[in-house]
Amino acid sequence: MCHVIVTCRSMLWTLLSIVAAFGELIAFMSTDWLVGFPRTPDAVFGPHGATAAGEAYRPTLGIYGRCIKLPHLQRGVLCGPYAIHFGEIASGFWQATSIFLAAGILLLCAVAFISVFTMCFQSIMKKSIFNVCGLLQGIAGLFLILGLMLYPAGWGSDKVQLYCGPDAAPYRAGLCSMGWAFYTAMGGTVLTFICAVFSAQAEIATSSDKVQEEIEEGKSLICLL
């Protein structure tokens, strides 16, 4: 018989797991990792900065995408991937970042999917599903940290220097500033480790004595604070 067990701690862990996975996915797909120096569509970077007439804007550069404004484009900023193939990503460090982030996000999405069904299934192969998911979230967090640590090492690439100026170098962003996607990825990584730790509380909440008492009373829907 399937017992639907809903507790505040298990539902909070499920919600946070989904938020962490969604946040990391959105950040990975975004082009707002680096915000370039102000320029106009036909600006040229010289020794004294960007020089051109017209309205200035700040292009953005992601791991595999970018947003730029072209002189002949009337509808605003054009966003899209600059790398069609994996080998075209700006640097080897960013390729490694892509692999680690993708692996971490894949694990987080799997956990987020599984977490929805923890109301009905609390074990898998005689192992607590919360403990298994917490372990996966810990591994995902390690992948994400590795990716974020390698990401600034790619700032010395030619692609980044086009957006951040010739002073850009590994772990030095030059004229660029960090975009919201980088901070979202960092926040998602912290939240991932919080979820990994909090999964133990979700396990305790769904296997407490009160839950067992209600199961023995024959209830199929159990809701506890």
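The structure presented is a predicted model; accordingly, all values stated were derived computationally and were not measured. (Residues numbered from 1 in each chain as written. Predicted model: local features only at pLDDT ≥ 70, side-chain atom pairs only at ≥ 80, totals over all residues. Heavy atoms only, no water.)

**Overview of the overall build of the protein**
Point 1. A count of helical and extended segments in the protein gives 6 helices and 11 strands.
Point 2. For the protein, restricting intrachain contacts to residue pairs at least 6 apart in sequence, the fraction spanning at least 24 positions comes to 67%.
Point 3. When the accessible area of the protein is evaluated, it comes to approximately 11,800 Å², of which 69% is carbon and sulfur surface. (Helix = DSSP H or I, 4+ residues; strand = E, 2+ residues; numbered from the N terminus. Contact = heavy atoms within 4.5 Å. Areas by Shrake-Rupley, 256 points an atom, 1.4 Å probe, with all protein chains shown as cover.)

**Some remarks on the sheet that holds strand S5 (residues 60-61)**
Point 1. Pairing in this open sheet of 5 strands is antiparallel, and the strands run S7-S6-S5-S2-S10 from one edge to the other. Among the strands making up the open sheet, the edge pair consists of strand S7 (78-81) and strand S10 (177-178). (Pairing = 2+ DSSP bridges.)

**A look at the packing of aromatic side chains**
Point 1. Using the criterion set out here, one finds 10 aromatic pairs in the structure.
Point 2. Taken together, the aromatic side chains of Trp-33, Trp-94, Tyr-151, Trp-155, Phe-182 and Tyr-183 make up a single cluster linked through ring pairs. (Phe/Tyr/Trp six-rings, centres within 6.5 Å; stacked < 30°, edge-to-face > 60°.)

**Description of the environment of Trp-33**
Point 1. Checked against the element boundaries, Trp-33 lands in the loop between helix H1 (8-29) and strand S2 (34-35).
Point 2. Residue Trp-33 is classed as buried on the basis of its relative accessible area, which comes to 0%.
Point 3. Each C-alpha atom of the pair Trp-33 and Gly-62 lies 4.9 Å from the other, and the pair is 29 residues apart in sequence. (Buried < 20%, exposed > 50% of the residue type's maximum accessible area, 1.4 Å probe, protein only.)

**What about the UniProt feature "transmembrane region" (unreviewed entry) in the protein?**
Point 1. Look at the UniProt record and you will see "transmembrane region" (unreviewed entry) annotated at residues 12-31, 93-117, 129-151 and 180-200.
Point 2. Between the C-alpha atoms that bound residues 129-151 there is a distance of 33 Å. The span itself is 96% helix and 0% strand.
Point 3. Note that residues 180-200 is 100% helix and 0% strand, and that its end C-alpha atoms are spaced 31 Å apart. (UniProt positions renumbered as here; feature names shortened; annotations may be inferred.)

**Topic: helix H5 (residues 180-206)**
Point 1. Taking 1.5 Å as the rise per residue, H5 with 27 residues should run 39 Å; its terminal C-alpha atoms sit 36 Å apart, in good agreement.
Point 2. Along its length, H5 shows its largest kink, about 30°, at Val-197. (Expected span 1.5 Å × (residues − 1). Bend = angle between axes of the 7 residues up to and from the residue.)

**So, the packing of helix H3 (residues 129-150) against H5**
Axis angle and axis distance: for two packed helices, these are the angle between their axes and the distance between the axes, and together they describe the pair.
Point 1. Two numbers describe how H3 lies on H5: the axes approach to 9 Å, and their chain directions differ by 165°. Taken together, the axes of H3 and H5 lie roughly antiparallel to each other. Remark: the crossing between H3 and H5 carries left-handed chirality. Of H5, the residues touching H3 (which contributes Phe-130, Asn-131, Gly-134, Gln-137, Gly-138, Gly-141, Leu-142, Leu-144, Ile-145 and Leu-148) are Phe-182, Ala-185, Met-186, Thr-189, Thr-192, Phe-193, Cys-195, Ala-196, Ser-199, Ala-202, Glu-203 and Thr-206.
Point 2. When its residues are assigned to classes, the contact of H3 with H5 shows 12 nonpolar, 9 polar and 1 charged. (Axes fitted to C-alpha atoms, helices over the stretch in contact; angles between N-to-C directions. Parallel < 35°, antiparallel > 145°, perpendicular 65-115°, else oblique. Left-handed = near helix turned anticlockwise from the far one by under 90°. Nonpolar A, V, L, I, M, F, W, Y, C, P; charged D, E, K, R; others polar.)

**Brief notes about unusual backbone geometry**
Point 1. For Tyr-171, which is not a glycine, the phi torsion comes out positive at approximately 65°.
Point 2. Relative to the elements of secondary structure, Tyr-171 occurs in the loop between helix H4 (158-164) and S10.
Point 3. Given a relative accessible area of 55%, Tyr-171 falls into the exposed group.

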